[in-house]
Amino acid sequence: MASPRRCSPTAPDRECKLPPPSAPAGEYPPGKLSWGTLARALGRFRLSIPYTRLLATLDPLALDREPPLQLSPEKQQMPEKLIWGDQEPLSKIPFKILSGHEHAVSTCHFCVDDTKLLSGSHDCTVKLWDAVDGSVVRNFEHRPKAPVVECSITADSSRVIAASYDKTVRAWDLETGKLLHHTRTITSCCFDPDSQRVASVSMDRCIKIWDVTSQATLLTITKAHSNAISNCCFTFSGHFLCTSSWDKNLKIWNVHTGEFRNRGACVTLMQGHEGSVSSCHFARDSSFLISGGFDRTVAIWDVAEGYRKLSLKGHNDWVMDVAISNNKKWILSASKDTTMRLWNIEEIDQIPLVIKYKKAMGLKVKQCERCDRPFSIFKSDTSSEVFTQCVFCRIDTRGLPAETSPSSSSSSERENLLPPPPSGSQDD
């Protein structure tokens with residue numbers, strides 16, 4: 001039996017008539033092929049459609065062009081193009097490579113005078129660079145704990161801020177490289193009476209005062225105590241700040257005149273607690289001060305003479321915080337023993353123990369001619385100076401110009417006479 005005529009794949013113009021798939025096997029009309037035979041025949045050769053001819057129509061400008069010599073897909077090479085970033089076209093433009101970060105550099109800035117550069121990186125560092133020689137001028141200390149995403153410089157190139165993935169924004173002094181915030185846990189903060197400034201203290205032993213409006217650091221006192229500072233409070237005038245510390249002491253600072261820069265604390269209260277002092281609070285008229293300690297006691301201080309008038313005992317654990325009522329009749333103390341206590345001190349000067357202290361120290365009470373507050377002086381004082389003002393008014397007077405009389409100047413006038421404290425810091 002003669003074999004059926006095959007359809008030639010090279011003759012596409014000829015019609016290849018095939019039986020439908022339902023035709024029984026072996027019953028093909030002359031000149032017809034089965035589907036299986038056709039599939040096996042087509043599998044023995046490759047289609048000769050060029051790879052790039054399929055893509056040629058994607059270029060509207062190439063429709064009327066003769067396609068170039070085609071290569072197989074394995075040997076097809078993309079045409080070489082010069083794009084921005086290649087070495088060849090940029091080789092004539094001078095540039096410097098600043099290398100110093102260990103991970104991606106996420107942000108960069110010029111300083112105002114263009115002589116310094118600033119950069120932040122995912123390696124958690126912020127660096128200041130010399131734009132002339134490309135060297136690192138400064139690695140800012142106390143860097144963030146997560147990648148830096150942005151940094152910025154103030155218009156006067158005095159401060160640097162950086163934002164980080166650790167949810168913090170840090171600020172540094174560009175000249176010194178010091179962090180403008182606390183470097184360790186902040187233990188306490190308080191507003192001044194005008195709510196224009198905030199004082200904060202920290203376990204880093206520093207005191208900082210901030211301007212609420214500008215959010216700038218007005219002053220910094222470093223190494224204010226020999227141990228962590230636990231609490232702080234302003235006097236009602238806002239001129240003085242008291243700090244308590246784990247070094248068992250309390251200190252009063254004249255933050256109005258900046259006297260602490262030369263003399264340190266104007267008053268230091270010692271030997272009032274047997275352990276760390278946890279809290280402090282001034283009476284509204286600053287006539288006395290109270291403090292709480294880890295020795296479970298509340299101390300009442302005569303600030304003018306710097307001695308402890310009375311120690312209140314009753315708590316079974318640390319005294320964590322203290323407060324004074326506006327009328328000065330009550331003291332409130334909070335303790336780790338889960339209780340608070342209200343102490344009535346209205347008749348404190350009539351308490352036998354307080355009277356005994358005063359007699360032992362030879363004290364008498366006088367009225368301040370400037371603020372009308374009572375203050376204590378020694379009866380046996382042999383000094384030729386006669387005190388007619390309390391300790392706060394005397395300290396405040398020292399900051400005034402010599403030709404200005406305290407009685408002839410209002411508090412607002414004195415504010416204008418005294419220069420504001422600079423943003424620098426004081427080291428011991």
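All values reported here derive from a predicted model rather than from experimental measurement.

Conventions used here
Residues numbered from 1 in each chain as written. Predicted model: local features only at pLDDT ≥ 70, side-chain atom pairs only at ≥ 80, totals over all residues. Heavy atoms only, no water. Helix = DSSP H or I, 4+ residues; strand = E, 2+ residues; numbered from the N terminus. Buried < 20%, exposed > 50% of the residue type's maximum accessible area, 1.4 Å probe, protein only. Pairing = 2+ DSSP bridges. Axes fitted to C-alpha atoms, helices over the stretch in contact; angles between N-to-C directions. pLDDT = per-residue confidence, 0-100. Contact = heavy atoms within 4.5 Å. UniProt positions renumbered as here; feature names shortened; annotations may be inferred. Phe/Tyr/Trp six-rings, centres within 6.5 Å; stacked < 30°, edge-to-face > 60°. Patch = residues over 30% accessible without salt bridge, like charges linked within 9 Å, V, L, I, M, F, W, Y side chains within 5 Å. Areas by Shrake-Rupley, 256 points an atom, 1.4 Å probe, with all protein chains shown as cover. Salt bridge = Lys/Arg side-chain N within 4 Å of Asp/Glu carboxyl O.

## With respect to the overall build of the chain
- Looking only at helices and strands, one finds seven helices and 25 strands in the chain.
- Of all 428 residues assigned to the chain, the portion counted as buried reaches 37%.

## A word on unusual backbone geometry
- Despite not being glycine, Lys-223 has its phi angle at roughly 50°, a positive value.
- When you line up the elements, Lys-223 lands in the loop between strand E11 (217-221) and strand E12 (229-234).
- For Ser-286, which is not a glycine, the phi torsion comes out positive at approximately 60°.
- Examined against the element boundaries, Ser-286 turns out to sit in the loop between strand E16 (277-282) and strand E17 (289-293).

## Structural notes on the sheet that holds strand E14 (residues 250-254)
- Strands sit in the order E12-E13-E14-E15 across an open sheet of four strands; the sheet is antiparallel. Every other strand in the sheet has two partners, leaving E12 and strand E15 (267-269) as the edge strands with one partner each. Here the average twist between neighbouring strands, direction ignored, is 20°.

## With respect to the confidence of the model for the chain
- Put simply, the chain has an average pLDDT of 74, and 63% of its residues get 70 or more.
- Here residues 78-87 is a poorly scored stretch, pLDDT under 50, and it has four contacts once near neighbours within four places are set aside; other chains count.

## Things to note about the UniProt feature "repeat: WD" (unreviewed entry) in the chain
- Taking the UniProt record as the reference, the feature "repeat: WD" (unreviewed entry) is found at residues 98-139, 148-182, 179-220, 222-263, 270-311 and 312-353.
- In the segment residues 148-182, helix accounts for 0% and strand for 49%; the C-alpha atoms at its two ends are 19 Å apart.

## Side note on the sheet that holds strand E6 (residues 159-164)
- Across the sheet, which stays open at both edges, the three strands sit in the order E5-E6-E7 with antiparallel pairing between neighbours. Only two strands of the sheet have a single partner each, and these edge strands are strand E5 (148-153) and strand E7 (169-173). Put simply, the sheet's adjacent strands are angled 20° from each other on average, direction ignored.
- Relative to E6, E5 runs antiparallel, the two being bridged by five bridges. Within E6, the residue paired with Glu-150 across the bridge is Ala-163.

## Quick notes on the packing of aromatic side chains
- Tallying each qualifying case throughout the model produces two aromatic pairs.
- For the ring pair Phe-140 and Trp-172, a centre distance of 5.5 Å and an interplane angle of 45° mean the geometry is tilted. Placement of Phe-140 in the loop between strand E4 (136-139) and E5 and of Trp-172 in strand E7 is noted, with a sequence separation of 32 residues between them.
- The exposure class of Phe-140 is buried, given its relative accessible area of 4%.
- Measuring from ring centre to ring centre gives 4.3 Å for Phe-294 and Trp-318, while their planes differ by 20°; the resulting arrangement is stacked. Highlighted residues: Phe-294 in the loop between E17 and strand E18 (297-302) and Trp-318 in the loop between strand E19 (307-313) and strand E20 (319-324), separated in sequence by 24 residues.

## What about a nonpolar patch on the surface?
- A cluster of nonpolar residues, Trp-330, Leu-332, Met-340 and Leu-342, forms a patch on the protein surface that exposes about 420 Å² of accessible area.
- Listing elements by their share of the nonpolar patch, those giving two or more residues are strand E21 (330-335) and strand E22 (340-344).
- With respect to the helices and strands, Met-340 occurs in strand E22.
- Exposure remark for Met-340: the relative accessible area of 60% places this residue in the exposed category.

## Digging into the environment of Arg-284
- As for its placement among the helices and strands, Arg-284 is situated in the loop between E16 and E17.
- For Arg-284 and Phe-234, which are 50 residues apart along the polypeptide, the C-alpha to C-alpha distance reads 9.9 Å.
- The contact partners of Arg-284, leaving out residues within four places of it in the chain, are Phe-236 and Asn-326.

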